[in-house]
Amino acid sequence: MSQGNTLGPIAGQARTARRLLWGLPTGFIVLILLVRAVISAEPVRRAIAVRVAEALANRTQGSVQLSGVTFDWKLAPCLRNLQIYTRQGEHRLDVASKQACVERWFSAVGSGFRAVRVRLDTPKIVLRREPEGSGEAPFVVARPEARRPTASERATLRELTVVFDGLSLEWAKLPVPEQLANGTFGPIGGRITVQRRGPLSAMSIAIQDRDRATRLDGRATPTADGWDLAAGVEGDMVRLFGPVLTALDLDVRKMPCRGRLGARYGSRKLTLDLDLEQYDVDFAADVLSSGRLVGLTGRQQFRMTANLDTGTVILGPGLIELNGVPIEAAGRVFPSGGEPAFLAELSVPTIRMGRLLASIPSPPVRDVASRIDPSIRFALSFEVRGLLSDAATWEPKLEYQLVGVTPETRTGLEALSGPFLYRPLTAEGRRGPPVRRGPRTEGWLRYARIPYLFRRAIIIAEDATFPFHRGVELEEVKKAIEAAVRRGDRVRGGSTLTQQLVKNLFLSRDRTALRKAAELLLTFHLESVLDKRRIFELYANLIEWGPGIYGLNAAAQHYFGRPPQALAPVEMVYLATIIPNPIRYHKHFERGALPERHRRKVTFLLARLHRLGQLSDAEFEVAQATPIEFASRPRP
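How each quantity is defined
- Residues numbered from 1 in each chain as written.
- Predicted model: local features only at pLDDT ≥ 70, side-chain atom pairs only at ≥ 80, totals over all residues.
- Heavy atoms only, no water.
- Helix = DSSP H or I, 4+ residues; strand = E, 2+ residues; numbered from the N terminus.
- Buried < 20%, exposed > 50% of the residue type's maximum accessible area, 1.4 Å probe, protein only.
- Contact = heavy atoms within 4.5 Å.
- Areas by Shrake-Rupley, 256 points an atom, 1.4 Å probe, with all protein chains shown as cover.
- Patch = residues over 30% accessible without salt bridge, like charges linked within 9 Å, V, L, I, M, F, W, Y side chains within 5 Å.
- Salt bridge = Lys/Arg side-chain N within 4 Å of Asp/Glu carboxyl O.
- Lys, Arg positive; Asp, Glu negative; His and termini not counted.
- Charge placed at Lys NZ, Arg CZ, Asp CG, Glu CD.
- Polar contact = N/O pair within 3.5 Å; in protein donor to acceptor, adjacent residues only side chain to side chain.
- Pairing = 2+ DSSP bridges.
- Phe/Tyr/Trp six-rings, centres within 6.5 Å; stacked < 30°, edge-to-face > 60°.
- Lys NZ or Arg CZ within 6 Å of the ring centre and 35° of its normal.
- pLDDT = per-residue confidence, 0-100.
- Expected span 1.5 Å × (residues − 1).
- Core = buried A, V, L, I, M, F, W, Y, C linked by side-chain atoms within 4.5 Å.
- Axes fitted to C-alpha atoms, helices over the stretch in contact; angles between N-to-C directions.
- Parallel < 35°, antiparallel > 145°, perpendicular 65-115°, else oblique.
- Left-handed = near helix turned anticlockwise from the far one by under 90°.
- Nonpolar A, V, L, I, M, F, W, Y, C, P; charged D, E, K, R; others polar.

## Notes on the overall build of the chain
Inference 1: Along its length, the chain carries 18 helices and 24 strands.
Inference 2: Out of the 636 residues belonging to the chain, those deemed buried represent 41%.
Inference 3: Counting contacts in the chain only where the partners sit at least 6 residues apart, residues at least 24 apart contribute 56% of the total.
Inference 4: Of the roughly 34,400 Å² of accessible surface on the chain, a fraction of 56% belongs to carbon and sulfur atoms.

## Points about the side chain of Gln278
Inference 1: If you trace the backbone, Gln278 turns up in strand β14 (residues 269-284).
Inference 2: Setting aside its immediate chain neighbours within four residues, Gln278 contacts Met255, Pro256, Cys257, Thr297, Gly298, Arg299 and Gln300.

## Considerations on a positive patch on the surface
Inference 1: Positive charge collects at one region of the surface, where Arg584, Arg597, Arg600 and Lys601 lie side by side.
Inference 2: Counting residues per element, the positive patch draws most heavily on helix α17 (residues 596-611), at three residues.
Inference 3: Looking at the element boundaries, Lys601 is found in helix α17.

## Focus on the side chain of Thr409
Inference 1: Among the secondary structure elements, Thr409 is positioned in the loop between β20 (395-403) and β21 (420-422).
Inference 2: Accessibility expressed as a relative area gives 13% for Thr409, which makes it buried.
Inference 3: Within the local environment of Thr409, its side chain forms a polar contact with the backbone oxygen of Thr406, the two atoms lying 2.9 Å apart.
Inference 4: Excluding residues that lie within four positions of it along the chain, Thr409 makes contacts with Asp373, Ser375, Ile376, Gly404 and Glu414.

## Quick look at the pattern of salt bridges
Where charged atoms of side chains with opposite charge meet at close range, the side chains can pair.
Inference 1: Taken as a whole and assessed by the stated rule, the structure comprises 23 salt bridges.
Inference 2: Note that Lys516 is salt-bridged to Glu519, the shortest N-O span being 3.0 Å. Placement of the pair is Lys516 and Glu519 together in helix α12 (residues 513-529), with a separation of three residues, close to one helical turn. Here Lys516 matches Glu519 in class, with each residue buried.
Inference 3: Across the salt bridge formed by Glu527 and Lys532, the nearest N and O atoms sit 3.0 Å from each other.
Inference 4: Several salt bridges share partner residues, and in doing so they unite Glu103, Arg117 and Arg119 into one network.

## With respect to the pairing of strand β13 (residues 256-266)
Inference 1: Both strand β11 (residues 226-236) and β13 contribute to a ladder of eleven bridges, which runs antiparallel. Residue pairing in the sheet places Asp228 in a bridge with Arg264 of β13.
Inference 2: Of the strand pairs in this sheet, β13 and β14 are connected by ten bridges, and their pairing is antiparallel. Among the inter-strand pairings, Gly262 is bridged to a residue of β14, identified as Asp273.
Inference 3: What sits between the antiparallel neighbours β13 and β14 is a turn of two residues, in which Ser267 has the positive phi angle 55 degrees.

## Quick look at the packing of aromatic side chains
Centre distance and the angle of the planes are the two values used to describe a pair of aromatic rings.
Inference 1: Per the counting criterion, the structure on display carries 15 aromatic pairs.
Inference 2: Pairing Phe560 with Phe630 gives two aromatic rings, centres 5.9 Å apart and planes at 25 degrees, and the pair type is stacked. Here Phe560, found in helix α14 (residues 552-560), pairs with Phe630, found in the segment after α18 (617-625); they are 70 residues apart in sequence, far enough to count as distant.
Inference 3: Using a relative accessible area of 4% as the deciding quantity, one classes Phe560 as buried.
Inference 4: An aromatic cluster of at least three residues, connected via ring pairs, comprises Tyr559, Phe560, Tyr574, Phe589 and Phe630.
Inference 5: The ring of Tyr447 carries the charged tip of Arg455 above its face, separated from the ring centre by 4.3 Å.
Inference 6: One Lys or Arg, Lys532, reaches over the ring of Phe466 and ends 4.5 Å from the middle of that ring.

## Some words on helix α9 (residues 452-462)
Inference 1: For α9, a buried count of nine out of eleven residues is recorded, marking the element as mostly surrounded by other parts of the structure.
Inference 2: Elements in contact with the buried residues of α9: α11 (497-506), α13 (532-542), β23 (544-546), α14, α15 (569-577) and α17.

## Some points on a nonpolar patch on the surface
Inference 1: A grouping of Trp227, Leu229 and Leu261 is seen on the molecular surface, where their side chains present a nonpolar patch of about 230 Å² in accessible area.
Inference 2: Assignment of secondary structure puts Leu229 in strand β11.

## Looking at the environment of Glu544
Inference 1: Within the element layout of this structure, Glu544 appears in strand β23.
Inference 2: For Glu544, a relative accessible area of 10% puts it in the buried group.
Inference 3: Through-space distance from the C-alpha of Glu544 to that of Leu425 is 8.3 Å; in sequence the pair is 119 residues apart.
Inference 4: Setting aside residues up to four positions removed in sequence, Glu544 forms contacts with Leu425, Arg509, Ile549, Tyr550, Pro582 and Ile583.

## As for unusual backbone geometry
Inference 1: Cis geometry is adopted by the peptide bond preceding Pro317, which originates at Gly316 and carries an omega value of 5 degrees.
Inference 2: The residue Pro317 is located in strand β16 (residues 312-322) in this model.
Inference 3: For Arg268, which is not a glycine, the phi torsion comes out positive at approximately 65 degrees.
Inference 4: Looking at where Arg268 falls in the secondary structure, it is placed in the loop between β13 and β14.
Inference 5: On the basis of relative accessibility, which here comes to 39%, the residue Arg268 falls in the partly exposed class.
Inference 6: Of note, Asn323 is a non-glycine position whose phi angle comes to about 50 degrees, a positive value.
Inference 7: The residue Asn323 is located in the loop between β16 and β17 (325-336) in this model.
Inference 8: Looking at Asn323, the relative accessible area reads 23%, which means it is partly exposed.

## Observations regarding the confidence of the model for the chain
Inference 1: The predicted model of the chain averages 82 in pLDDT, with 83% of residues at 70 or higher.
Inference 2: Between the elements of the chain, mean pLDDT differs from a low of 58, seen in helix α1 (residues 2-39), to a high of 95, seen in α13.
Inference 3: Contacts from residues 132-136, a stretch scored under 50 in pLDDT, to residues over four places away or in other chains number zero contacts.

## A look at α17
Inference 1: For α17, which comprises 16 residues, the first-to-last C-alpha distance of 22 Å matches the rise-based estimate of 22 Å (1.5 Å per residue) to within 8%.
Inference 2: All buried positions along α17 are accounted for by His598, Arg599, Val602, Leu605, Leu606, Ala607 and Leu609.
Inference 3: The inward-facing, buried residues of α17 contact α9, α15, α16 (582-591) and α18.
Inference 4: Two residues or fewer after α17 comes Gly613, characterised by a positive phi angle close to 80 degrees.

## Quick notes on the nonpolar core
Inference 1: In terms of nonpolar packing, the biggest core is built from 81 residues, with Trp545, Tyr559 and Tyr574 touching the most fellow members.
Inference 2: Apart from the residues lying within four places of it in its own chain, the contact partners of Tyr559 are Trp545, Gly546, Ile549, Tyr574, Leu575, Ile578, Pro582, His586, Phe589, Phe630 and Ala631.

## Re the packing of α9 against α17
Inference 1: Taken N-terminus to C-terminus, the directions of α9 and α17 make an angle of 110 degrees; their axes are 10 Å apart at the nearest point. For the element pair α9 / α17, the angle class is roughly perpendicular. Crossing hand, α9 versus α17: right-handed. For the pair α9 and α17, the contacting residues are Leu453, Arg456, Ala457, Ile460 and Ala461 in the first and Leu605, Arg608 and Leu609 in the second.
Inference 2: Within the contact of α9 with α17, the residues separate by chemical class into six nonpolar, no polar and two charged.

Right under this line is the structure:
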């Protein structure tokens, strides 16, 4: 009896426990289903969507629209086709996502929605001109409130974290240079956190490529009258900025980078600070080089300050390093008589000439560099100033110095004093088979044996200031800069006799910036090591005078069947006029007759020689009347 009385209450408790075990989960599920049924109703969903959209609008200070709202099993809201946009002048910035779901929902609820974390699905940021029309009407639209926050709201710290993967950026018709006005960026992943307490706010950002090998971390903080931005980058920038680099016509396969950048805005002044380093870069750019540039290193350190009220911009002093060569840079833009004027300065501080040339990825240039004595040092300064909008007003100034050259030091040009192997340029601008040239080789004319009138004709036709300049004619530099700015031309060639000699001795005919830089440095070197007579002798004996015709002696024999010393003045002048394009002008010889148009060029050069006293009146009259008869006629 006592045992039955004991078992009865225990059995009842067990039944109650079983009911609770089944009833509580069932009740919880029923409650969730009831809540889901309630919030799935159109009026409730719209009310929730409005509250969320208003919160987003106030947190981001942008207009918000979305096409609907759903809830996951935790009842966390997911906004469909979310779009946040703001206008800046005639442009509109849109942040769009197919779906934006609130993560850590219970934590957000527990904080009173002061800390919210949102994950975006297939997000996109687009900056473009204001669209002309709108598509389908959105489910909800909200705009930021204009009311002043209460004291309690000002004291409350609110945080919004946006997590994304596969974010892409697009921009169109921006007021920037044409090649950057339209483009794309991404896809990338990362996180943006915005913290706000009353009027104060701060934003941190972390961006990384999908493999998480490249990252950018930064933080933006408001100040009393503006904001501060600091960021660090590390990794291969191709992963993040590949489309932007492509838009700049750069075929970049690898660009490892590390460094810091910062920006500060306040009182209508903008300051940018940059300290970036690149290493083992692999890229190609037609404007720079005809081949790929592999293994390059670089560094940029500078500060730029812009005063938006006065229109003044100051750059530097800054430092640019390329393959270990330091280049100091500075510049400024300032108002001048109602138009912006500028001054740009570049300088290479004193450096070993061999090291400077070795930094250029060109085998012939590096071969010369390897033979230069370390005691030979070089320094350069270049500046250009004028009105920013008028290239015709730009005035360049160039100065350089090469020291340490003595009869005992190795200059890398010793081979030019005797017979050497010369690889002439072909019609395609590349190096042909080697031939033996130089003093004491067959057909070589020493300077003293070149007729004086012939020397004067070549100099006046090709480089009238050759006896006086130091390798570069600044007027030609000015024309090259003007052509590049006005017509978008590539780097011009032209150039002095020394530059033409350098091109024929060491370089190709590529019209690239890298080849031009090598040409200028080698020109400075030749002008500092060789005298003008030696430079002219090399030039006259090496340049092309027709297909497969190299040197003045060979040209005189080919065209007129006589050595240069036996040519008439008009024949010497004719050979001087074909130097700019000997392949094209060889057609005259092939046809056996000189066109009237080219005869006028010959007459014009004869007249210049006459005015300069190189031809007497009688010699000028005879030269004008003498026909040009080639040594042979083409076969019928």
